[in-house]
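Report on the structure
In case you want the letters, here they are:
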2 protein chains.
Amino acid sequence: MTSPAAGKPIRTAITDEDGIDFAIIELFFFAYRDFTSDPDQILADYGFGRAHHRVLHFVNRRPGLTVAELLDVLKITKQSLARVLKQLIDTDHIVQLQGPRDRRQRELYPTAKGRALALALARPQSRRIRAALEDSGTADRASIERFLEAMVNPELRAQIDIVPAQTSGKKNGDH
Amino acid sequence: MTSPAAGKPIRTAITDEDGIDFAIIELFFFAYRDFTSDPDQILADYGFGRAHHRVLHFVNRRPGLTVAELLDVLKITKQSLARVLKQLIDTDHIVQLQGPRDRRQRELYPTAKGRALALALARPQSRRIRAALEDSGTADRASIERFLEAMVNPELRAQIDIVPAQTSGKKNGDH
DNA sequence: AAATTACGTCAACAGTACTGACATAATCCC
DNA sequence: GGGATTATGTCAGTACTGTTGACGTAATTT
């Protein structure tokens, strides 16, 4: 049961000693797990995974973004993106257009099919958020939004707020 | 560039039409990504991954939990847990004790080494949370906690709150 | 014309998850 | 007592997502 040189078991639960906020750490894990479980179920019907969802999401949010910009947002390598993006293009969820200024670039746009899937995936997530905001009562949307934004690395906050609420895509002022 | 029967590109960004809360959906993605990046860096030094972190976290939070209980909290299969748990035991971060009542069970406890690593991993996460709470100003801790808890599937909320704040482990009233 | 950039692709590998099958020991129940 | 069930462990195969490294091509920059 216990190996030869095994350390002694600690029988007391870890406490909030050192001011460690275990409650929220744990809550964040559970919340994110369930948050992603809704779209995961839908994606399975398409043979897609979470990576496809992320690509689809950002292409719909910033139509016309280039491959390099997408890589920068997702923080993955191009080899990792390649497989996923190829599948989304082959299944006609996303199309590539040659960049108008720089013909080396590939601007990514959703098709009607890709737009529809993005919406279908976001719907249960949005429903969950709305319900959580209601259930938690007092918490107003803005304060949750501010908290989540503050959780993001400062250098990377530029990636957020790129979408100007209503107006159309092609508005990438970064890089 | 465009394949034969490709759909037409949609050039407008997806809107908050249909009442979809894209802002918070996206924020949640960025926040969780950065939230996990801190411990990921530390884990790399040990040759561990995120799965090790989760096991270590819950064994420290509920010392004496059984393998079955751990599987239930993590919502993974025993085959998936096996490798990770074995490594943590082999490296003397966790020890197993035969269950006192039911000798088939294996109660999991952290060693001093495992406790120390769990704390080291939680520290930057807690720091990030504290900073985010401060930065976001108004948002009081309790409302964030309530929101995150409300994001979790109702059936699974029992898993939370198991740890009674200060008292020791062995208090698993579920199942 | 040479260097750099944007993108694509091939190959190998790691980490985490899954399903299915089978083994062992301990407990439960008739 | 003895068969069924339960808790755990393990073997084998597979999928998805990510990595590094290398190389190729076309377009732009210098």
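Given the structure is predicted, the values throughout are model-derived calculations rather than measurements. (Residues numbered from 1 in each chain as written. Chains lettered and ligands numbered in written order. Predicted model: local features only at pLDDT ≥ 70, side-chain atom pairs only at ≥ 80, totals over all residues. Heavy atoms only, no water.)

1. Quick notes on the sheet that holds strand β3 (residues 106–110) of chain A
Residue and element names in this part refer to chain A. Spatial ordering of the open sheet is given by β1-β3-β2, a layout of three strands whose pairing is antiparallel. Of all strands in the sheet, those bounded by a partner on one side alone are β1 (65–66) and β2 (94–98). Where β2 meets β3, five bridges bridge the pair, whose relative direction is antiparallel. Paired with Q98 across the bridge in β3 is R106. Sheet strands in contact with helix α2 (residues 50–61) are β1, β2 and β3, and its direction is about 95° off that of β3. Packing of helix α4 (residues 78–90) onto the sheet brings it into contact with β2 and β3, and relative to β2 it is tilted by some 100°. (Pairing = 2+ DSSP bridges. Helix = DSSP H or I, 4+ residues; strand = E, 2+ residues; numbered from the N terminus. Contact = heavy atoms within 4.5 Å. Axes fitted to C-alpha atoms, helices over the stretch in contact; angles between N-to-C directions.)

2. Observations concerning the protein's contact with DNA strand D
Of all residues adjacent to DNA strand D, which total 24 residues, the nearest are G49(A), R54(A), R83(A), K78(B) and R104(B). Protein-adjacent atoms of DNA strand D, using a 4 Å cutoff, are sugar or phosphate at a proportion of 56%. Between DNA strand D and A51(A) there is a distance of 3.2 Å, counted from a phosphate oxygen to a backbone nitrogen or oxygen. R104(B) has a polar side-chain atom sitting 2.4 Å from a base oxygen of DNA strand D. (Near = heavy atom within 4 Å. Polar contact = N/O pair within 3.5 Å; in protein donor to acceptor, adjacent residues only side chain to side chain.)

3. Considerations on the interface of chain B and chain A
Counting from both sides, the interface comprises 88 residues of chain B and, opposite them, 88 residues of chain A. Together chain B and chain A conceal approximately 8600 Å² of surface at their shared face, both sides included; 66% is due to carbon and sulfur atoms. At the junction of chain B with chain A, the criterion picks out six salt bridges. The partner of E26(B) in a salt bridge is R61(A), with the nearest N and O atoms 2.5 Å apart. (Buried area = accessible area lost by both parts, 1.4 Å probe. Salt bridge = Lys/Arg side-chain N within 4 Å of Asp/Glu carboxyl O.)

4. Topic: the relation of the copies chain B and chain A
It takes a turn of 180° to lay chain B on chain A, together with a shift of 0.0 Å along the axis; the resulting RMSD is 0.0 Å. Classification of the inter-copy transformation places it as that of a two-fold axis. Considering only C-alpha atoms, the part of chain B nearest the rotation axis is I144(B), at 3.4 Å. The fraction of interface residues of chain B whose copies in chain A are also interface residues reaches 100%, indicating that both copies meet through the same surface. (Least-squares fit on C-alpha atoms with pLDDT ≥ 70 in both.)

5. Describing the environment of Q159(A)
Mapped onto the elements of the fold, Q159(A) is located in the segment after α6 (141–151). Placed 87 residues apart in sequence, Q159(A) and D72(A) show a C-alpha to C-alpha distance of 8.8 Å. Setting aside residues up to four positions removed in sequence, Q159(A) forms contacts with R62(A), D72(A), V73(A), K75(A), F30(B) and R33(B).

6. Notes on the layout of surface pockets
Its boundaries defined by the atoms lining it, the largest pocket holds a volume of some 600 Å³. What lines the largest pocket is a set of 29 residues, among which Y32(A), R50(A), Y32(B), R50(B) and R54(B) lie closest to the centre. Broken down by element, the lining of the largest pocket gets its largest block of residues, seven residues, from helix α1 (residues 22–46) of chain B. Residues of the lining of the largest pocket, tallied by class, amount to 13 nonpolar, six polar and 10 charged. (1 Å grid on protein atoms, 1.4 Å probe; cavity = no way out; pocket = protein on both sides within 12 Å on 5 of 7 lines; lining within 4 Å. Points joined across faces, edges and corners; volume = space filled by probe spheres on them. Nonpolar A, V, L, I, M, F, W, Y, C, P; charged D, E, K, R; others polar.)

7. Quick look at the packing of helix α2 (residues 50–61) of chain B against helix α5 (residues 112–135) of chain B
Residue and element names in this part refer to chain B. Put simply, α2 and α5 touch, their axes get as near as 9 Å, and they point 110° apart. Here α2 lies roughly perpendicular to α5, going by the angle between them. For the pair α2 and α5, contact is made by H53, L56 and N60 and by G114, R115, L117, A118, L121 and Q125, respectively. Its residues assigned to classes, the contact of α2 with α5 comprises four nonpolar, four polar and one charged. (Parallel < 35°, antiparallel > 145°, perpendicular 65-115°, else oblique.)

8. Here we look at the protein's contact with DNA strand C
Taken together, 24 residues form the shell around DNA strand C, and within it K78(A), R104(A), G49(B), R54(B) and T77(B) come nearest. Within 4 Å of the protein, atoms of DNA strand C come from sugar and phosphate in 58% of cases. In the environment of DNA strand C, a phosphate oxygen lies 3.5 Å from a nitrogen or oxygen atom belonging to the backbone of V67(A). Between a phosphate oxygen of DNA strand C and a side-chain N or O atom of R54(B), the distance comes to 2.5 Å. If you list the elements that add at least two residues to the surface near DNA strand C, you get α3 (67–74) and α4 of chain A together with α2 and α4 (78–90) of chain B. Per element, the largest residue contribution to the surface near DNA strand C is four residues, and it comes from α2(B). Here the residues of the surface near DNA strand C sort into four nonpolar, nine polar and 11 charged.

9. Re α1(B)
An ideal rise of 1.5 Å per residue puts 36 Å on 25 residues; α1(B) measures up with 37 Å between its terminal C-alpha atoms. A bend of about 30° at S37(B) is the largest found in α1(B), and the proline P39(B) appears one to four places after it. (Expected span 1.5 Å × (residues − 1). Bend = angle between axes of the 7 residues up to and from the residue.)

10. Digging into the pattern of salt bridges
A side chain of one charge can pair with a side chain of the opposite charge if their charged atoms are brought near each other. For the structure shown, the criterion picks out 20 salt bridges over all chains. Salt-bridge contacts for E26(A) lead to R62(B); the nearest nitrogen and oxygen are separated by 2.8 Å. Linking E26(A) in helix α1 (residues 22–46) with R62(B) in the loop between α2 and β1 (65–66), this pair reaches from one chain into another. Taking the relative accessible area as the measure of exposure, R62(B) reaches 4% and is therefore buried. For D38(B), the salt bridge is made with R128(B), and the minimal N-O distance between the two is 3.1 Å. One end of the pair, D38(B), is in helix α1; the other, R128(B), is in helix α5, and 90 residues separate them in sequence. Here D38(B) falls in the partly exposed class, since its relative accessible area comes to 21%. Here R128(B) falls in the buried class, since its relative accessible area comes to 12%. Linked through salt bridges whose partners overlap, the residues forming this network are D21(A), R141(B) and E145(B). (Buried < 20%, exposed > 50% of the residue type's maximum accessible area, 1.4 Å probe, protein only.)

So far we have only geometry, and geometry alone does not tell us how the molecule works.
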